[in-house]
There are 2 protein chains.
Amino acid sequence: MSDVVEPFKGLKGSRNDCAKCSIQVLCLPATINPDDFERLNTIVQKRRPLKRGDVLFASGQKLEHLYVAREGAFKSVVYNTEGDSQVTGFHLPGEILGLDALGTSKHTCDSVALTTADVCEIPLGDLEKVAAQVPSLQHQLLKIIGQTINRDQKHIEILSKKNAHERMSIFLHQLSERYRQLGRSGERFMIPMSREDIGSHLGLVIETVSRTLSKMQEDGLIEVNGREVIIRDLGRLHVLAHETAPRKSA
Amino acid sequence: MSDVVEPFKGLKGSRNDCAKCSIQVLCLPATINPDDFERLNTIVQKRRPLKRGDVLFASGQKLEHLYVAREGAFKSVVYNTEGDSQVTGFHLPGEILGLDALGTSKHTCDSVALTTADVCEIPLGDLEKVAAQVPSLQHQLLKIIGQTINRDQKHIEILSKKNAHERMSIFLHQLSERYRQLGRSGERFMIPMSREDIGSHLGLVIETVSRTLSKMQEDGLIEVNGREVIIRDLGRLHVLAHETAPRKSA
DNA sequence: CGAGCCCTTGACCGAAGTCAATGGCTGTGG
DNA sequence: CCACAGCCATTGACTTCGGTCAAGGGCTCG
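Residues numbered from 1 in each chain as written. Chains lettered and ligands numbered in written order. Predicted model: local features only at pLDDT ≥ 70, side-chain atom pairs only at ≥ 80, totals over all residues. Heavy atoms only, no water.

The name given to chain A in an unreviewed UniProt entry is CRP-like protein Clp, with the source organism recorded as Arenimonas maotaiensis. Taken from UniProt, the Subcellular location (unreviewed entry) comment for chain A reads in full: "Cytoplasm". (UniProt positions renumbered as here; feature names shortened; annotations may be inferred.)

As structure tokens, this is what we get:
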């Protein structure tokens, strides 16, 4: 299922494989020398195994660690007072979790495992200290955070301008792309989230998600069977996901 | 029009008033000692006056500085290939501009002055260096960035769950709150942006923005006259903006 | 004082939400 | 092993919010 986090064959003496993982996220493509590597290594404390439905951190909790997803999938969920929820993002291996709390030092969302999952834990205080000593790390940290901002802004764009079919195309295309980059198949995969989660994330109701998937299947774009998706026409999906087909007046 | 950026009466010897301004944003409420202040002071290079429509930075430009808005208002706009645009955010005095470029080192949006405006300029490279030496500054920087992320996520929530009336209520309420915090009136203000800009930001067309404002006026919630807005019932606006009145199934 | 914006208002229409029925799966207990 | 409960997903019929199209009014600037 995952030969994903297996690089850094050249680096010996790492305390655990989790350090490799966080290094991969935090330092690539920045260069890092063995000394600095070891320094970062010592602060990546441990990993946590989680099972489906487990909460990695909950809204309101004090920010103590950042996490790097190693394996499995997560969703970020915010709850309004009435208990209705909103999925603000999905997270796959190699992505960073916990940035939501940087602003207030308290988490603003729940992070929930969608599958069996596994993360590395990096105490933020320690990370800040090391970052202050290792310029490339500091820079890379800012970069990763910046990418999170870019992703959010892209999502804002989608939600304010795209219709249901476009949203689903973009969603599937992004998912495919992320799996591909993880070295898995980008053409055939199990989606880890429910229709409900997808709908919440895309600002659609579950029925619309379902109908849209059926339509895409009719059109020969994909094949769906429950949580299994096969992309039949990746080229066309790419076009649909990127074309400037505005809903609402441009 | 603005007695906004006038604090720090106790700090003498600052090279320019712009340093005060950026200090206010970057270091409050963190403590900073005079030495560190002076160090930060030296990197805040200059300020730029802009007039309505001027572009502070454009999409694709290399990231060189962060900016702190001192006076006036800005919008962030992204353009898709076809030239249709999307307003991703509005920025008032005291807010930071340019974070969009942290991820790729290139700006991903245009920042356009909506009014006569004024900013401080902080070279990012220098800022990183000083931040590495001043832990409280580094921490504060992360905090501000985190707040940007939180704001984006809030916006995502609005766009995926709120109807037109709720969006406008939230928009007006936020604007009122921001002006209040700047020491201006939160009950009577000129909105610096066009209906077009508002609509783009909220995922609505201009006609809907207009109609909704008219409806709110009918209801005695506000008074509108072109760009001038008077909040007539701030309490009710607050309720409308915060109540959990879901569009789409909770 | 006329052109060009920006904004408002009305009439109409369609995409997506709501409500409701049905059809698998999965797991549990008799 | 079957039956039944509880999800989750699909599909259809109907409704509605907000987008589209069109006309007109008011400001500003040249």
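Next up on the list: the UniProt feature "domain: HTH crp-type" (unreviewed entry) in chain A. Under the present numbering, the feature "domain: HTH crp-type" (unreviewed entry) in UniProt falls on residues 162-235 of chain A. Helix makes up 55% of residues 162-235 of chain A and strand 15%. Its end C-alpha atoms lie 19 Å apart. (Helix = DSSP H or I, 4+ residues; strand = E, 2+ residues; numbered from the N terminus.)

For the rest of this paragraph, the subject is the protein's contact with DNA strand D. The local shell around DNA strand D holds 17 residues, among which Arg195, Ser210 and Ser214 of chain A together with Ala164 and Thr208 of chain B are the closest. Atoms of DNA strand D within 4 Å of the protein: sugar and phosphate make up 66%, bases the balance. With respect to DNA strand D, the side chain of Thr208 of chain B contributes an N or O atom lying 2.7 Å from a phosphate oxygen. Within the side chain of Arg211 of chain B, an N or O atom sits 2.9 Å from a base oxygen of DNA strand D. Here the surface near DNA strand D is composed, by residue class, of three nonpolar, seven polar and seven charged. (Near = heavy atom within 4 Å. Polar contact = N/O pair within 3.5 Å; in protein donor to acceptor, adjacent residues only side chain to side chain. Nonpolar A, V, L, I, M, F, W, Y, C, P; charged D, E, K, R; others polar.)

A separate point is the protein's contact with DNA strand C. The immediate surroundings of DNA strand C are formed by 17 residues, with Ala164 and Thr208 of chain A together with Arg195, Ser210 and Ser214 of chain B found nearest. The separation between a base nitrogen of DNA strand C and a polar side-chain atom of Glu207 of chain A is 3.1 Å. Arg211 of chain B is positioned such that a nitrogen or oxygen atom in its side chain is 2.9 Å from a base nitrogen of DNA strand C. Per-element tally for the surface near DNA strand C: the top contributor is helix α7 (residues 206-218) of chain B, with four residues. Within the surface near DNA strand C, the residues separate by chemical class into three nonpolar, seven polar and seven charged.

Glancing now at the environment of Gln174 of chain B. Within the secondary structure, Gln174 of chain B sits in helix α5 (residues 164-181). It is 28 Å that separates the C-alpha atoms of Gln174 of chain B and Gln138 of chain B, two residues lying 36 residues apart in sequence.

Time to look at the packing of helix α3 (residues 124-133) of chain A against helix α4 (residues 135-161) of chain A. All names here are of chain A. Running from N to C, α3 and α4 point in directions that differ by 125 degrees, and their axes come no closer than 5 Å. Classified by the interaxial angle, the pair formed by α3 and α4 is oblique. Crossing of α3 over α4 shows left-handed handedness. Contacts between α3 and α4 pair Leu127, Val130, Ala131 and Gln133 from the former with Pro135, Leu137, Gln138 and Leu141 from the latter. Split by residue class, the contact of α3 with α4 holds six nonpolar, two polar and no charged. (Axes fitted to C-alpha atoms, helices over the stretch in contact; angles between N-to-C directions. Parallel < 35°, antiparallel > 145°, perpendicular 65-115°, else oblique. Left-handed = near helix turned anticlockwise from the far one by under 90°. Contact = heavy atoms within 4.5 Å.)

With that settled, consider the interface of chain A and chain B. Contact residues are listed per partner, giving 45 residues for chain A and 45 residues for chain B. Roughly 4,400 Å² is buried in total at the junction of chain A and chain B, and carbon and sulfur atoms are behind 53% of that figure. Remark: the boundary between chain A and chain B carries one salt bridge. Where chain A meets chain B, there are nine residue pairs in polar contact (both at pLDDT 80 or more). Sorting the residues of the side of chain A that touches chain B by element identifies β5 (85-91), α3 and α4 of chain A as the ones contributing at least two each. With 18 residues, the single largest contributor to the side of chain A that touches chain B is α4 of chain A. Residue classes in the side of chain A that touches chain B are distributed as 14 nonpolar, 22 polar and nine charged. (Buried area = accessible area lost by both parts, 1.4 Å probe. Salt bridge = Lys/Arg side-chain N within 4 Å of Asp/Glu carboxyl O.)

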